[in-house]
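What the coordinates show
Single-letter residue listing:
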Amino acid sequence: MLEIYNSLTRFKETFKPLHEGHVGMYVCGPTVYGDAHLGHARPAITFDLLYRYLQYLGYKVRYVRNITDVGHLEHDADEGEDKIAKKARLEQLEPMEVVQFYTNRYHRDMAALNVLPPSIEPHASGHIIEQIAFVQKILDKGYAYVSNGSVYMDVEKYAKDYPYGKLSGRNLNDIVTETRELDGQDEKKHSYDFALWKKAAPEHIMHWPSPWSEGFPGWHMECSTMGTKYLGETFDIHGGGLDLIFPHHEAEIAQSCAALGHESVHYWMHNNMITIAGKKMGKSYNNFITLEQFFRGNHPLLSKPFGPMVIRFFILQAHYRSTVDFSSEALEAAEKGLQRMQEAYARLQKLQAGKETTVEVEGLRQRCTEAMDDDLNTPFVIAALFDSTRAINTVHDGKGTISEADLKELREVWKTFAIDILGLRLEEQGSSDGKQKAFNGAIDLLLNIRLQAKQNKDWPTSDKIRNELTALGFQIKDTKDGFEWSI
Ligand code: ZN
């Protein structure tokens, strides 16, 4: 049996890939029935960081991140959240149109966060045949039963042969008292049995034929199936949010052991959660903020828009296994920190080498490497880079010098750790915020020239500016202290 790890402490010493030079990595991806929010950004960025770091270490990585698009598209969701399914019905959309719509938007948001696309992005709905075969294997091994057209995992039977609950540290008694899922209770032998296949209710939009019923696979089934299909019966790393440990990942382990006789995953990695003003994100708190709302600043909890790199930096400032509490003030602080890095990076590109080094730049690469090696300790990497900004600023201010070799090394370390591994777009972000500032400034400048022209009774100039800006789509309003404009 594979030894199971749940973190990568002292990465270089403890991480042993199953195949020399190659790493297989599976991460539970989004359910695409709504826009991505802050809770989606954290796993995406955490495993993007790991993906980038593994590649930096020289591994060839096959990174599989799935799209969950099955099982959520029901007509009449009583949870209030599944408005999309209703939309699909009312607007006569194909469920796959809804899936494509939100998948495209997810990709757009991930690209904005500079999250690299995975090597393979399989859809659950594209792997129904494989999932049916996986369920059949579990049935053949005697760890599942058919009830009223649905197939359930026989958890009690399984737990006699394998340690169910080992990842989450639960035992069956804990699970009985915790199980809240009432769905299918009358069909199951025990409340903790989970569905491998569900017979579709008549109002369920997405369903497929199977040996047991017209239905759809249980949620946990897709990750066991697609993980092993693309990465092999055993693979290196499986990641996801901490909230997935139970029941999702525990169920995945059970499914693999039941069907294959062994575990599939060598290292489990879980990012911790983001809270909003101390509260969990959730429907009941009505505190979901979508990434688009962050980028546009149109949510009551936001003081202003925050660019995607601010969100990325905010998340990387915390270690992935610690909780992060979101507030507008915390993001404003992250924005200031990011700006300091951008300034330092811009200055670093312009520094001139001197004869000798009088500033402290030694050991930066080692500090960054050791921090990443210690279970991806990004706050330490950021602190080390910040420390080096003192040297950059000292040379920039002419109060110190740096040799050509040291300058080259300093630039390389920043490029490797800030740009390539942390994935911060230090140049572009500066320019995209900068672009907006420059644009607003230019319009203000034009309207100030117009104001002056008006005061000088230079009507042709004043009218020309007004008319041409209006023709370009600007709305200009004269006020008693000057002007207001919008597009
Ligand atoms: Zn999963």
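Predicted, not measured: the structure shown is a model, and the values here were computed from it.

1. Focus on the coordination of the zinc ion
- Only Cys28 (SG), Cys223 (SG) and His248 (NE2) from the protein reach the zinc ion as donors, at distances of 2.0 to 2.1 Å.
- Of note, the donors binding the zinc ion are all from one chain and are spaced C-x194-C-x24-H. A residue pair is termed long-range when its members are at least 10 positions apart, and Cys28 in the loop between β1 (22-27) and α2 (38-56) and Cys223 in helix α8 (residues 219-231) qualify at 195 residues.
- Given a relative accessible area of 11%, Cys28 falls into the buried group.

2. Thoughts on the pattern of salt bridges
- Throughout the structure, instances matching the rule amount to 24 salt bridges.
- For the salt bridge of Lys304 with Glu335, the shortest nitrogen-to-oxygen distance reads 2.7 Å. Of this pair, Lys304 sits in the loop between α10 (291-296) and α11 (308-316) while Glu335 sits in helix α12 (residues 328-350), placing them 31 residues apart in sequence.
- Assessed through its relative accessible area of 11%, Glu335 is described here as buried.

3. Section: α8
- Its 13 residues place the ends of α8 19 Å apart at the C-alpha level, agreeing with the 18 Å of an ideal helix rising 1.5 Å per residue.
- Judged by how many residues are buried, α8 sits mostly within the fold: 10 of 13 residues are covered.
- Buried within α8 are the following residues: His220, Met221, Glu222, Cys223, Ser224, Thr225, Met226, Gly227, Thr228 and Leu231.

4. Considering the sheet that holds strand β10 (residues 279-280)
- The strand order across the open sheet built from three strands is β10-β9-β11, with neighbouring strands paired in mixed fashion. Every interior strand has two partners, whereas the edge strands, β10 and β11 (324-326), have only one.
- Across three bridges, the pairing between strand β9 (residues 274-276) and β11 is parallel. Considered in β11, the bridge of Ile276 is made with Phe326.

5. Topic: the sheet that holds strand β6 (residues 215-217)
- Judged by pairing direction, the sheet is antiparallel, and its four strands sit side by side in the order β3-β4-β5-β6 without closing on themselves. What marks the edges here is a single partner per strand, and that holds for β3 (144-147) and β6. Between one strand axis and the next, the sheet turns by 20 degrees as a mean value, whatever way the strands run.
- Where β3 lies against strand β4 (residues 150-153), four bridges are found, and the strand directions are antiparallel. Looking at β4, one finds that Val146 is bridged to Val151.

6. Considering the domain arrangement of the chain
- Partitioning the chain into structural domains gives domain 1 (11-271), domain 2 (276-421) and domain 3 (436-486).
- Look at where the C-alpha atoms of domain 1 and domain 3 centre, and you get two points 56 Å apart.

7. As for the packing of aromatic side chains
- Within this structure, the stated rule accounts for 19 aromatic pairs.
- Taking the centre distance of 6.0 Å and the plane angle of 35 degrees together, the rings of Tyr145 and Tyr152 count as tilted. As far as burial versus exposure is concerned, Tyr145 and Tyr152 are alike and both buried.
- Taken together, the aromatic side chains of Tyr143, Tyr158, Tyr162 and Tyr164 make up a single cluster linked through ring pairs.
- Over the ring of Tyr143 we find Lys157, and its NZ or CZ is 5.3 Å from the ring centre.
- Between the NZ or CZ atom of Lys189 and the centre of the ring of Tyr145, over which it lies, the distance is 4.6 Å.

8. Focus on the side chain of Ser328
- Locating Ser328 in the fold gives a position in helix α12.
- Relative accessible area serves as the criterion here: at 6%, Ser328 is assigned to the buried category.
- Within the structure, Ser328 has its side chain in polar contact with the backbone oxygen of Leu301 (distance 3.5 Å).
- Not counting the four nearest positions on each side in its chain, Ser328 is found in contact with Leu301, Leu302, Ser303 and Phe306.

Calculation rules
Residues numbered from 1 in each chain as written. Predicted model: local features only at pLDDT ≥ 70, side-chain atom pairs only at ≥ 80, totals over all residues. Heavy atoms only, no water. Donors = N, O, S within 2.8 Å, 3.2 Å for Na, K, Ca; no water. Helix = DSSP H or I, 4+ residues; strand = E, 2+ residues; numbered from the N terminus. Buried < 20%, exposed > 50% of the residue type's maximum accessible area, 1.4 Å probe, protein only. Salt bridge = Lys/Arg side-chain N within 4 Å of Asp/Glu carboxyl O. Expected span 1.5 Å × (residues − 1). Pairing = 2+ DSSP bridges. Axes fitted to C-alpha atoms, helices over the stretch in contact; angles between N-to-C directions. Domains from an automatic or database assignment. Phe/Tyr/Trp six-rings, centres within 6.5 Å; stacked < 30°, edge-to-face > 60°. Lys NZ or Arg CZ within 6 Å of the ring centre and 35° of its normal. Polar contact = N/O pair within 3.5 Å; in protein donor to acceptor, adjacent residues only side chain to side chain. Contact = heavy atoms within 4.5 Å.

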